[in-house]
Each structure stands twice: as C-alpha cells, then as structure tokens.
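Read off the chains here:
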Amino acid sequence: MGDTTQRVLSLLNLLQQRPVWTGSELADRLGVTTRSVRRDVERLRALGYPVRAEHGTGGGYQLGAGKALPPLLLDDEEAVAVAVSLRLAAGGTVAGLGEAAVRSLAKLDQVLPARLRAEVKGVIEATVSLDSPVTAVDADVLVALARAIRTPERATFDYTKADGGHGERRVEPYRLVAAARRWYLMAWDLDRDDWRTFRLDRMTAARGTGWRFKPRDAPDAVEFIRSSITQAPYRFVAKVRIEAPAHEVSQFVPSTMAVVEPDGDGGSILTAGADDLDYVAYHVVRLGWPVTVIDPPELRDAMRSLGERLKAASG
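Figured I'd write up the structure that's included with this text. Note that the coordinates shown come from a computational prediction; the quantities given were computed from them, not determined experimentally.

## So, the overall build of the chain
For step 1, the next point in the chain: When its secondary structure is counted, the chain shows 11 helices and 11 strands.
For step 2, the next point in the chain: Buried positions account for 37% of the 315 residues belonging to the chain.
For step 3, the next point in the chain: Counting only contacts in the chain whose residues sit at least 6 apart along the sequence, the fraction spanning at least 24 positions is 59%.
For step 4, the next point in the chain: Summed over its atoms, the accessible surface of the chain is roughly 18,400 Å², and 51% of this surface lies on carbon and sulfur atoms.

Here is the structure:
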C-alpha cells in the first residue's frame with residue numbers, strides 16, 4: 001500500500017510538470033507497466049483529479065481542470081514561492097486578497113517543513129515594499145490567530161495598548177478583519193468577559209493554547225470592528241444628519257472613519273468618533289451637502305467657529 005501511494009503521488013507530480021504524457025513515458029519514469037499507469041490514473045480520478053486520456057497521435061494523459069479544486073502537490077521551490085506570495089498578499093501588497101491569503105497561509109504553514117519555513121522567513125525579511133498600504137504585521141501572528149480561529153482554540157498574545165500599557169491577553173478568537181491600513185482581531189476577552197477588538201500590529205508572541213472552546217453567539221465581526229475603530233477609542237462621538245442618500249455619502253467617507261446609515265426621505269446619519277470636533281466639522285462640511293448636527297452640542301460650536309474662520313479668510 002505504501003509503495004502504491006508513493007507511486008500515485010509521483011504520477012500526480014509528473015502530470016503537474018507538463019501538459020501531456022504518453023502512457024509509455026509515464027511507465028518508464030515510474031518503473032512500472034502501462035497497465036499499472038492506467039490503474040494509478042483511475043486512483044487519481046477517484047480522488048477528484050480530472051485526468052483525461054486522449055488516444056492517437058499527439059495524445060496521452062493530461063491533468064485537466066475539474067469542478068472542484070483537489071489538493072495540489074508542490075515541490076520545495078514551489079512551496080516557498082507560494083508561501084512568500086501569500087505572506088506578501090496578507091500584508092496588503094495585493095489588493096483584496098488579504099483575508100483569503102491568511103486562511104491559505106495558515107493551511108500551508110501547518111504542513112510546511114521547518115527548513116522551508118526558515119527559507120520563507122529569510123525571503124520575507126529581505127523584501128522591502130516602498131508603497132505597502134498596510135501597517136506592518138508579523139505574518140507569524142496572522143498565521144497563529146488564523147489557525148486558532150479555524151480550530152477553534154483559545155489563544156494568547158502580548159499586547160501593547162494605545163497608552164503604552166503592556167500585558168498578556170487571553171482570548172477566544174473569532175474573526176480577522178482587514179480594514180484600510182490595519183488588521184484587527186475580534187475576540188472574546190476571557191479576563192474581561194466581553195467582546196474586544198485588537199490591532200495586530202500591537203501584538204507579539206501570538207499562539208494557540210490547545211484548549212478548544214464552543215463558539216458563542218457573536219456579533220457581526222465587520223460591523224463590530226467598524227464601530228470599535230470609528231467610535232469607541234475617542235473622546236466624542238459625533239452624529240449628524242446629511243441631506244443625501246447613504247450610498248452616495250458612503251462613496252466619500254471611508255468605513256474606517258465613520259458609519260453611514262440611511263435615515264428616510266433620502267437622508268442619512270453619519271456617526272464618527274473624534275478627539276477634536278474641529279476635525280469632524282471640517283470633513284462634514286467639505287462633503288458639500290446640507291448638514292444638521294444631532295450630537296454632541298459642542299459640534300455646533302465647532303461648525304460655527306469653522307464658518308467664521310472661512311468667512312474671515314474669504315475677505
């Protein structure tokens with residue numbers, strides 16, 4: 001059985017190396033008869049690999065595209081190339097691939113030999129991107145958390161808060177979300193007995209503990225993290241009504257800066273956190289639509305002050 005399995009894997013590797021092989025070529029490379037090749041091809045088909053057989057001149061065995069994606073067989077160089085590409089994509093250098101890259105990287109990293117993992121790390125450390133749009137995150141942190149979410153198992157990591165405070169956090173990890181320039185983790189904080197949002201660029205030494213947990217009823221991760229990063233960390237939470245549909249306003253307001261919701265009669269409600277209300281006043285006014293301040297009252301003063309300054313500047 002062991003010899004058969006090894007031979008089938010070798011056959012798969014050969015079929016992935018070039019478009020077409022004749023039966024005699026495969027038999028010669030594998031050291032078996034053409035009859036054995038036919039049996040091994042049937043074994044691959046049973047596993048979901050779409051191996052086609054064409055007869056006549058120019059024909060032979062060919063690995064085709066199927067309805068589902070079967071496992072791929074990679075040699076050392078291919079595995080390193082894929083892992084490096086996934087780490088770069090997870091870091092944001094390939095737009096729109098971040099979360100999928102992390103899931104794929106977690107699967108690959110789980111089976112990657114230590115010698116190849118070291119080679120991947122060496123390539124990454126020697127690579128510099130001049131225009132990466134994402135705050136740097138240790139790929140090992142991403143992989144460890146993605147694996148813990150998939151298991152699922154509790155995780156721990158060292159965390160530095162915005163005020164510089166440092167300590168270990170113990171969590172039940174639920175979802176990784178890439179938002180604008182950063183990666184965030186939504187998790188149940190075991191010490192605070194509540195849902196929390198954590199920035200991955202403030203984490204080190206992330207690791208699974210091996211302790212499984214039963215998933216809780218969780219809020220929507222995207223909405224939870226959007227609310228956390230647009231409102232929770234700030235001194236003020238500003239709320240205004242804008243006389244324009246929410247889908248139009250959203251085109252000019254990044255989801256990481258504010259939450260925009262429909263408000264009937266073609267209007268919308270914009271909610272944003274800020275430590276400086278002058279900043280909110282400026283950005284709301286520059287949208288160009290009529291605005292009504294809902295909260296806080298201090299925002300009205302900031303709007304009035306901005307208007308006076310603009311009027312004075314206009315002469």
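## A few points about the packing of aromatic side chains
For step 1, the next point in the chain: Per the stated rule, a full pass over the model turns up 7 aromatic pairs.
For step 2, the next point in the chain: Taken together, a centroid distance of 4.7 Å and an interplanar angle of 80° make the contact between Tyr174 and Trp195 edge-to-face. Of the two residues, Tyr174 is situated in strand β4 (residues 166–179) and Trp195 in strand β6 (residues 194–199); the sequence distance between them amounts to 21 residues.
For step 3, the next point in the chain: The buried category is assigned to Tyr174, whose relative accessible area is 15%.
For step 4, the next point in the chain: Classification of Trp195 by relative accessible area gives buried; the value is 12%.

## A look at the pattern of salt bridges
For step 1, the next point in the chain: Scanning the entire structure with this criterion turns up 15 salt bridges.
For step 2, the next point in the chain: Asp301 serves as the salt-bridge partner of Arg304, at 2.9 Å between the closest nitrogen and oxygen. A residue pair is termed a helical-turn pair when its members lie 3 or 4 positions apart in one helix, as Arg304 and Asp301 do in helix α11 (residues 297–313) at 3 residues.
For step 3, the next point in the chain: Take Arg304: its relative accessible area is 48%, and that puts it in the partly exposed class.
For step 4, the next point in the chain: For Asp301, a relative accessible area of 46% puts it in the partly exposed group.
For step 5, the next point in the chain: Beyond isolated ion pairs, a larger network of salt bridges with shared partners links Arg7, Asp40 and Arg43.

## Brief notes about the nonpolar core
For step 1, the next point in the chain: Counting 22 residues, the largest nonpolar core has Val240, Ile242, Val249, Val253, Leu270 and Leu299 as its most contacted members.
For step 2, the next point in the chain: Breaking this core down by element, the ones donating at least two residues are β8 (236–242), α9 (246–249), β10 (268–274), α10 (277–285) and α11.
For step 3, the next point in the chain: Here Val249 is in contact with Ile242, Ala244, Val260, Ser268, Leu270, Leu287 and Trp289, once residues within four sequence places are set aside.
For step 4, the next point in the chain: One finds Leu142, Ala144, Phe198 and Leu200 within the second-largest nonpolar core, a separate group that totals 20 residues.

## Digging into the environment of Ala274
For step 1, the next point in the chain: Position of Ala274 among the secondary structure elements: in strand β10.
For step 2, the next point in the chain: Measuring from C-alpha to C-alpha, the distance between Ala274 and Phe236 comes to 5.3 Å, with 38 residues separating the pair along the chain.
For step 3, the next point in the chain: Excluding its chain neighbours within four sequence positions, the residues that come into contact with Ala274 are Tyr234, Arg235, Phe236 and Val280.

## Some remarks on the environment of Thr5
For step 1, the next point in the chain: Tracing the backbone through its elements, the reader meets Thr5 in helix α1 (residues 2–17).
For step 2, the next point in the chain: For Thr5, a relative accessible area of 41% gives the class partly exposed.
For step 3, the next point in the chain: Residues Thr5 and Asp40, spaced 35 residues apart in sequence, show a C-alpha to C-alpha distance of 9.2 Å.

## Some remarks on a negative patch on the surface
For step 1, the next point in the chain: Residues Asp75, Glu77, Glu78 and Glu119 make up a contiguous surface patch of negative charge.
For step 2, the next point in the chain: Looking at the element boundaries, Glu77 is found in helix α4 (residues 76–90).
For step 3, the next point in the chain: Owing to a relative accessible area of 68%, Glu77 belongs among the exposed residues under this scheme.

## What to know about unusual backbone geometry
For step 1, the next point in the chain: Note the cis peptide between Thr151 and Pro152, where omega equals -15°.
For step 2, the next point in the chain: By secondary structure assignment, the location of Pro152 is in the loop between α7 (139–150) and β3 (153–160).
For step 3, the next point in the chain: The step from Asp295 to Pro296 runs through a cis peptide bond, and the omega angle for that step is -5°.
For step 4, the next point in the chain: Summarising the element assignment, Pro296 is placed in the loop between β11 (291–295) and α11.
For step 5, the next point in the chain: Positive phi, close to 55°, is recorded for Asp265, a residue that is not glycine.
For step 6, the next point in the chain: Its place among the elements puts Asp265 in the loop between β9 (259–262) and β10.

## A closer look at the sheet that holds β8
For step 1, the next point in the chain: In space, the 4 strands of this open sheet follow the order β9-β10-β8-β11, with antiparallel pairing throughout. Either end of the sheet is taken by a strand with one partner, and the two such strands are β9 and β11. Neighbour-to-neighbour, the strand axes of this sheet turn through a mean angle of 25°, independent of strand direction.
For step 2, the next point in the chain: Strand direction decides the pairing type here: β8 and β11, joined by 4 bridges, are antiparallel. Paired with Lys239 across the bridge in β11 is Asp295.

Criteria and cut-off values
- Sequence order as written defines residue numbering, which begins from 1 separately in each chain.
- The predicted nature of this model means local features are confined to residues of pLDDT at least 70 and side-chain atom pairs, given and counted, to a pLDDT of 80 or more, with totals for whole chains, interfaces and linings taken over all residues.
- Side-chain figures throughout are based on the complete set of non-hydrogen atoms in the structure, without hydrogens or water.
- Helix and strand assignments follow DSSP, with helices taken as H or I runs no shorter than four residues and strands as E runs no shorter than two, numbered in order from the N terminus.
- Burial classification: accessible surface area is computed with a 1.4 Å probe over protein chains only, and a residue below 20% of its type maximum counts as buried, one above 50% as exposed, and the rest as partly exposed.
- Whether two residues are in contact is decided by their heavy atoms, any of which lying within 4.5 Å being enough.
- In this description, accessible areas are obtained by the Shrake-Rupley approach with a 1.4 Å probe, and a residue is regarded as covered only by the protein chains that are shown.
- Stacked, edge-to-face and tilted are the three classes for Phe, Tyr and Trp ring pairs, Trp counted by its six-membered ring, which pair at centre distances within 6.5 Å; planes under 30 degrees apart are stacked, over 60 edge-to-face, the rest tilted.
- Salt bridges are counted wherever a side-chain nitrogen of Lys or Arg sits within 4 Å of a carboxyl oxygen of Asp or Glu.
- Note on terminology: a nonpolar core comprises buried Ala, Val, Leu, Ile, Met, Phe, Trp, Tyr and Cys residues joined through side-chain atoms within 4.5 Å.
- Residues forming no salt bridge and having over 30% relative accessible area are the ones grouped into patches, like charges within 9 Å of each other and nonpolar side chains (Val, Leu, Ile, Met, Phe, Trp, Tyr) within 5 Å.
- This count recognises Lys and Arg as positive and Asp and Glu as negative, with His and chain-terminal groups excluded.
- We put the charge of a Lys on NZ, of an Arg on CZ, of an Asp on CG and of a Glu on CD.
- Note on pairing: two strands pair once DSSP finds at least 2 bridges between them.
- For helices, the axis comes from a line fit to the C-alpha atoms of the stretch in contact; other axes are also lines fit to C-alpha atoms, and the angle between any two N-to-C directions lies between 0 and 180 degrees.

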